[in-house]
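Geometric and topological summary
The residues making up each chain are set out below.
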Amino acid sequence: MVMADRDGVETASTPVAALAVWGLVQNVTNGLARVPFQQPWRGPAGLLDNLGQSFTRQAVRSFMGYSMGLPIEEFRSVEKVLDGICNVVLPPVIGNAGGVEITSDEIAGVRGLWCRAKASSDSYVDDGEEKVAIDATLLYLHGGGYIGTSPIMYAAFAAALVRLTGTEIFIPDYRMAPEFPFPAGLHDAADVYRGLLDRGIDADHLIVAGDSGGGGLATSLITYLRDNDLPKPAALALFSPEIDLDLDHDSVVDNAPFDILPWSIPVAPYLRGVQPNDDRVSAVYGHPDPEWFPPTFVCWGEREMFRDGIRSFVEVLRDAGVPLSVMEEEGMFHVFPILMPWAESSKRVLRKLGELADKHVTPDPDARPTH
């Protein structure tokens, strides 16, 4: 499940792809070699968290800076290599160490991955043993700036969510730009949402969630559900959502030295002629109806480039009277809970999300999707 395997998506030849991967390794290695000269022990957290943050920031920044400069066919080839590595490494680690089962599925024609606690699965619980109840079903739209990554790359984070929140999670392999600009990914997300309802999962048992571009897509989905008379989910959870594609806030420039994002953030491939202030793609310009918009959890980093846009979005929701739970973590960068799930700040975020599920989601352990 990766964009390179879709019909109509071009990839590079094997030698060119190999050179692109080698260039990526060199660039990340070069970036990490700079960290010791940047006082990596400094920061608002403990020594280990500060060091982890410094090395993670530099590694991801080097990765993204290099990747954004590749031709799209080479980008897709590199993405496929990374997807293949994750498919080999992550499932056994998550299964053995985390007690989480990863299975493939297709919902409404959209492929994706389920992440569930083994203790809730027929495959691992013997007859006569009591299964662990699933507190909520979470439709998770992965990030990647609307252009990259894949479901398996989010398996480790999804497993952490499963363990700490008691949810089951489906991560759809939605279509991405530039091959499939807006609204292709939105239509895939909406089809999966309908498919979950068709499988007998009540909307009151559903949480829609996403990070970065996936967070922006999640807010687009909420608008789509409203406009198409579909039931709203029990809650919405957003991690550093990309909800203002105008990118006209001070933090986009001021926080560029501290974030993982490249200083030039690409949005044109996704928009393909849609105006960035259209509320279908930039929720900060929307007018949420408190009677319909679901209770919302939003977290972000104080040092990320999207900070000011997210703050404005939170104020829009607050002014509209939408039930809100927000967290801005000091010193942290974009999507830190995904990149540093071991950090204390990330654990606080996940615990808060568990509280959201407990407060707003109607338990329905019998409404499990079928494989």
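On a predicted model such as this, the values are computed, not experimentally measured, just so you know. (Residues numbered from 1 in each chain as written. Predicted model: local features only at pLDDT ≥ 70, side-chain atom pairs only at ≥ 80, totals over all residues. Heavy atoms only, no water.)

Bringing unusual backbone geometry into the picture now. Omega for the bond connecting Ala-177 with Pro-178 falls within 30 degrees of zero, at 5 degrees, which places this linkage in the cis form. By the secondary structure assignment, Pro-178 is in the loop between β4 (167–172) and α5 (184–198). Positive phi, normally seen in glycine, also occurs at Tyr-146, with a value near 70 degrees. Mapping Tyr-146 onto the fold places it in the loop between β3 (136–141) and α4 (155–165). If you check the backbone angles, Leu-247 has positive phi at about 50 degrees while not being a glycine. Looking at the secondary structure, you find Leu-247 in the loop between β6 (235–239) and α7 (250–254). (Helix = DSSP H or I, 4+ residues; strand = E, 2+ residues; numbered from the N terminus.)

Right, let's talk about the confidence of the model for the protein chain for a bit. Predicted confidence across the protein chain gives a mean pLDDT of 90, with 95% of residues reaching 70 or more. Averaged pLDDT values over the elements of the protein chain bottom out at 82 in helix α11 (residues 344–360) and peak at 98 in α5. Counting interchain partners and residues more than four positions distant, the pLDDT-below-50 stretch residues 367–371 has 20 contacts. (pLDDT = per-residue confidence, 0-100. Contact = heavy atoms within 4.5 Å.)

Per the UniProt record, "domain: Alpha/beta hydrolase fold-3" (unreviewed entry) is annotated on residues 138–336. Taken as a whole, residues 138–336 contains 33% helix and 17% strand, while its terminal C-alpha atoms sit 20 Å from one another. (UniProt positions renumbered as here; feature names shortened; annotations may be inferred.)

Before going further, it helps to spend a moment on the nonpolar core. One finds Tyr-140, Ile-169, Leu-221, Phe-239, Tyr-270 and Phe-297 to be the most contacted residues of the largest nonpolar core, which totals 103 residues. The element that contributes the greatest number of residues to this core is α4, accounting for 7 residues. Dropping the residues within four chain positions of it, Ile-169 is found in contact with Leu-113, Trp-114, Cys-115, Leu-138, Tyr-140, Ala-158, Leu-161 and Val-162. With 6 residues, the next largest nonpolar core counts Ala-20, Leu-70, Phe-75 and Val-78 among its residues. (Core = buried A, V, L, I, M, F, W, Y, C linked by side-chain atoms within 4.5 Å. Buried < 20%, exposed > 50% of the residue type's maximum accessible area, 1.4 Å probe, protein only.)

Moving on to the sheet that holds β3. Read across the open sheet, the 8 strands follow the order β1-β2-β4-β3-β5-β6-β7-β8; overall the sheet is mixed. Each edge of the open sheet is held by one strand with a lone partner, namely β1 (100–107) and β8 (324–329). Across the sheet, the mean angle from the axis of one strand to that of its neighbour is 20 degrees, orientation sign disregarded. Where strand β7 (residues 296–301) meets β8, 6 bridges bridge the pair, whose relative direction is parallel. Paired with Gly-301 across the two strands is Glu-329, which belongs to β8. (Pairing = 2+ DSSP bridges. Axes fitted to C-alpha atoms, helices over the stretch in contact; angles between N-to-C directions.)

Opposite charge on two side chains allows them to pair when their charged atoms are near. Within this structure, the stated rule accounts for 18 salt bridges. We note a salt bridge from Arg-311 to Asp-308, for which the minimum N-O separation is 3.9 Å. Remark: Asp-308 and Arg-311 occur in helix α9 (residues 307–320); sequence separation between them is 3 residues, near one turn of the helix. Accessibility expressed as a relative area gives 34% for Arg-311, which makes it partly exposed. Through salt bridges with shared partners, a single ionic network connects Arg-307, Asp-308, Arg-311 and Glu-328. (Salt bridge = Lys/Arg side-chain N within 4 Å of Asp/Glu carboxyl O.)

Further remarks concern the side chain of Asn-255. Along the chain, Asn-255 falls in the loop between α7 and α8 (268–271). A distance of 3.3 Å separates a polar atom in the side chain of Asn-255 from the backbone oxygen of Glu-302. Within the structure, Asn-255 has its side chain in polar contact with the backbone oxygen of Glu-304 (distance 2.8 Å). (Polar contact = N/O pair within 3.5 Å; in protein donor to acceptor, adjacent residues only side chain to side chain.)

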